[in-house]
Every structure is written in C-alpha cells, then in structure tokens.
Amino acid sequence: MIEAAKYYNSQASGLALKFLKDFDKTIDEIIDNPKTWITLDEDIKRYQLSHFAFGVLYRIVYNKIRIISVMNLYRKPNY
C-alpha cells in the first residue's frame, strides 16, 4: 500500500491522497460487512478498491479481520 501511494504521488498531484482515501473506505466497508465480499480460497476474501486496481485480501479469524495482502490486480491478478 505504501509503495502504491508513493507511485501515485509521483504520477500526479493529489493522486496518492485519493488512493489512500479509497483504501480507507475499503477498510471501513470490510469492517462493516466482513462476510459480504467475494471468497477466493476457503476463508480468504477479497474486496477491490473502487477507483484503483488494487484488492485487499483478508480473512476473519476469531471475529477479527486479518489483512493478508494489498495486491495490485494488474501486476499479479491471480497470485
């Protein structure tokens, strides 16, 4: 996530902030509805950011949300 924000910061003024706000919105949505999003493998779920090609992979463990990865969906879409 930090590397992506750095990249977007180098591309255009304010783009990193937009990315980070989209990421925060994504985390809020996951917290509010953790069981809603697509299940990829057994108990791993993915929520895609609204405006950027990134997904947040997470799982629910003992009623807690554990983020596994913030992944670039263009660079390695199926890893």
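Bear in mind that the values here come from a model prediction, so they are computed numbers and not experimental data.

A word on the confidence of the model for the protein chain
Turning to step 1, where the next piece is worked out: On average, the protein chain scores 90 in pLDDT, and the residues at 70 or more come to 95%.
Turning to step 2, where the next piece is worked out: No element of the protein chain has a lower mean pLDDT than strand 1 (residues 38–41), at 86, and none a higher one than helix 2 (residues 15–32), at 95.

Digging into the packing of aromatic side chains
Turning to step 1, where the next piece is worked out: By the definition in use, this model includes seven aromatic pairs.
Turning to step 2, where the next piece is worked out: With 5.4 Å between their ring centres and 65° between their planes, Y7 and Y8 make a pair best called edge-to-face.
Turning to step 3, where the next piece is worked out: For Y7, a relative accessible area of 46% gives the class partly exposed.
Turning to step 4, where the next piece is worked out: A centroid spacing of 4.3 Å and a plane angle of 90° characterise the contact between W37 and Y47, whose relative ring orientation is edge-to-face. Note that W37 is positioned in the loop between helix 2 and strand 1 and Y47 in strand 2 (residues 44–48), a separation of 10 residues in sequence.
Turning to step 5, where the next piece is worked out: Among the residues examined, Y47 registers a relative accessible area of 8% and is labelled buried.

So, the pairing of strand 4 (residues 64–72)
Turning to step 1, where the next piece is worked out: Examined bridge by bridge, strand 3 (residues 54–61) and strand 4 share eight bridges and lie antiparallel to one another. Its bridge partner being in strand 4, V61 is matched across the sheet by K64.
Turning to step 2, where the next piece is worked out: In this structure, the hairpin formed by strand 3 and strand 4 is closed by a connection of two residues, where Y62 is found at a positive phi of approximately 50°.

Focus on the pattern of salt bridges
Turning to step 1, where the next piece is worked out: In the structure shown here, the tally under the stated rule is two salt bridges.
Turning to step 2, where the next piece is worked out: Residues E3 and K6 are paired through a salt bridge, measuring 3.8 Å at the closest nitrogen-oxygen approach. Linking E3 with K6, this pair stays in helix 1 (residues 2–11), spanning three residues, or about one helical turn. Like K6, E3 is exposed.
Turning to step 3, where the next piece is worked out: Residues R59 and D43 are paired through a salt bridge, measuring 3.3 Å at the closest nitrogen-oxygen approach. In this pair, R59 is assigned in strand 3 and D43 in the loop between strand 1 and strand 2, connecting sequence segments 16 residues apart.

Rules used in this analysis
Residues numbered from 1 in each chain as written. Predicted model: local features only at pLDDT ≥ 70, side-chain atom pairs only at ≥ 80, totals over all residues. Heavy atoms only, no water. pLDDT = per-residue confidence, 0-100. Helix = DSSP H or I, 4+ residues; strand = E, 2+ residues; numbered from the N terminus. Phe/Tyr/Trp six-rings, centres within 6.5 Å; stacked < 30°, edge-to-face > 60°. Buried < 20%, exposed > 50% of the residue type's maximum accessible area, 1.4 Å probe, protein only. Pairing = 2+ DSSP bridges. Salt bridge = Lys/Arg side-chain N within 4 Å of Asp/Glu carboxyl O.

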